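Each chain, written out:
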Amino acid sequence: MASTRDAANHGVMQSALIAALGAGMLALTSGAETRSAPPSFHLVLDGKHNAALLHEGTFATSSSFCPSGSAADVSVEATSDTALRRFECADGSTFSARVAPLPAEHGGIGSWQIVDGTGPLANLRGKGTFASTRLAGRPDDPATISFRSTWDGVADFDATSPVIGLPKTTVRKLKRPRGAYTIRVALSLADNGGSAVTYVLQVADARKSLIYKVGTTATGALTVTLRIRPAKGTRSLRCQIDASDAVGNEATLVQTIRLK
């Protein structure tokens, strides 16, 4: 298979956000205020392999903006088995999605994320999961395999990343255990569409990652309390917040936390 670096920047965040995917796609409530969820998206791809063993085929969707068309993998990032796939609609407009892990399309489950588009689909974004069934062929001979992959999730015309407000941090040194601290991080996470925002908060010293937390907020504001014990002599910590909205738009903020 061909190989590129299209999926190289996903790393820890991708796996963490996939784990929290279901929560991020639901409509959530806080008090009397209801947060809207993006429209559902359903796609069925009947696929096979081309001469380079990349996946291609025809598809149909539940959405009027692209009811049907053809799809083909543009490239595959070998270390994560993530394909970048281009979908061409009947009217000539296109959108691209990352699909992983690619071998699961021969029969298994995985995830997808729409990352760009052209023409009227330029702002289309979305994400979800797939379940695939092998229709024909032998597992030991990929060239003979045909499959049907069914996608379910959400998609919307929203290419705006969530906004991470500058966190307010409060640090308190503990008497016991020696060298330990509690850190309160007040976060502001806003989505332009009003949907829930999934976040990954990581705190690290110069040597290693000390702790990370994954969650989803529907209110846009929350406070996270961490208890850590950094390496002796540490004077500052690196705090990184990665945020993703319901259709997969991402933002990152890094801040230094000074220890007392």
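Placed above this text is the structure.
These lines cover the structure that appears in this document, whether it is placed above or below. (Residues numbered from 1 in each chain as written. Predicted model: local features only at pLDDT ≥ 70, side-chain atom pairs only at ≥ 80, totals over all residues. Heavy atoms only, no water.)

### What about the packing of aromatic side chains?
Next, step 1: Applying the stated criterion across every chain, the model contains eight aromatic pairs.
Next, step 2: Where W112 meets W151, the ring centres are 5.0 Å apart and the plane angle is 15°; that geometry is what we call stacked. Taken together, the positions of W112 in strand β8 (residues 108-117) and W151 in strand β10 (residues 141-157) put the pair 39 residues apart, joining distant regions of the chain. Neither residue differs from the other here; W112 and W151 are each classed as buried.
Next, step 3: Grouped by ring-pair contacts, the aromatic residues F41, F59, F65, F87, F95, W112, W151 and F157 constitute a single cluster. (Phe/Tyr/Trp six-rings, centres within 6.5 Å; stacked < 30°, edge-to-face > 60°. Helix = DSSP H or I, 4+ residues; strand = E, 2+ residues; numbered from the N terminus. Buried < 20%, exposed > 50% of the residue type's maximum accessible area, 1.4 Å probe, protein only.)

### Some words on the side chain of T61
Next, step 1: Checked against the element boundaries, T61 lands in strand β4 (residues 55-61).
Next, step 2: A polar contact is formed between the side chain of T61 and the backbone nitrogen of S63, at a distance of 3.0 Å.
Next, step 3: From its side chain, T61 meets the backbone oxygen of C66 in a polar contact 2.7 Å long. (Polar contact = N/O pair within 3.5 Å; in protein donor to acceptor, adjacent residues only side chain to side chain.)

### Some thoughts on the sheet that holds strand β14 (residues 209-217)
Next, step 1: The strand order β14-β13-β16-β17 describes an open sheet built from four strands, whose pairing is antiparallel. Looking along the sheet, the strands with just one partner apiece sit at the ends: β14 and β17 (250-258). Along the sheet, successive strands turn relative to each other by an average axial angle of 15°, direction set aside.
Next, step 2: Both strand β13 (residues 197-204) and β14 contribute to a ladder of eight bridges, which runs antiparallel. What sits directly across from Q202, in β14, is Y212. (Pairing = 2+ DSSP bridges. Axes fitted to C-alpha atoms, helices over the stretch in contact; angles between N-to-C directions.)

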